[in-house]
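As a plain string of letters, each chain reads:
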Amino acid sequence: MNNTFSKSIQGRKERMANIIDILSDIYPNIQIQLNYSNPFELLIATMLSAQCTDARVNLVTTKLFSKYIIPEDYLKVPIEELETDIFSTGFYKAKAKNIRGTCELLIHKFNGKVPEVLEDLILLPGVGRKTANVVLGHCFNTPAIVVDTHVTRISNR
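Everything numeric here is computed off the predicted structure, so don't read it as measured data. (Residues numbered from 1 in each chain as written. Predicted model: local features only at pLDDT ≥ 70, side-chain atom pairs only at ≥ 80, totals over all residues. Heavy atoms only, no water.)

For the rest of this paragraph, the subject is the overall build of the protein. Each helix and strand counted, the protein has 9 helices and 0 strands in total. When the helices and strands of the protein are placed in sequence order, the string is α-α-α-α-α-α-α-α-α. For the C-alpha atoms alone, the extent of the protein along its principal axes is close to 50 × 40 × 25 Å. Within the protein, the fraction of its 157 residues that count as buried is 32%. (Helix = DSSP H or I, 4+ residues; strand = E, 2+ residues; numbered from the N terminus. Buried < 20%, exposed > 50% of the residue type's maximum accessible area, 1.4 Å probe, protein only.)

A word on the packing of aromatic side chains. For the coordinates displayed, the defined rule picks out 3 aromatic pairs. Considering the side-chain rings of tyrosine 68 and tyrosine 74, the 4.4 Å spacing of their centres and the 20° angle between planes classify their relative orientation as stacked. What makes tyrosine 74 buried here is its relative accessible area of 0%. Considering the side-chain rings of phenylalanine 87 and tyrosine 92, the 4.7 Å spacing of their centres and the 55° angle between planes classify their relative orientation as tilted. (Phe/Tyr/Trp six-rings, centres within 6.5 Å; stacked < 30°, edge-to-face > 60°.)

Encoded structure:
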């Protein structure tokens, strides 16, 4: 039974890779709009992008990523300071709480590194499948389809 399950997972991964290849041929120059230089920055930027425009997140992260470089940096300041730094992205209290919780877990469970598998990423506070798939697809070359509200809008066209 385990072997059947393993083959099923492998089949799904192969289908997913095939779908992504087809979409890449049709849409060859698609780039993520969030600015980042490493997986940790993309994780934080994607968490901030909830109910916020990418343009606004990029304005905030320009300053944020020069102030906070590693997960420990987010824990060194009072939460009120982090809330002020991310205020304009909206839902700043929940986002600050989730960012700090994520940083704590990254430090204590993942040696300060962003996990490279979905199952570990979704353990982080404020990280769901969408955020996890953004990070996996753009930082770890893992086939992933990011599903958000735009998928429904575009599908209905």
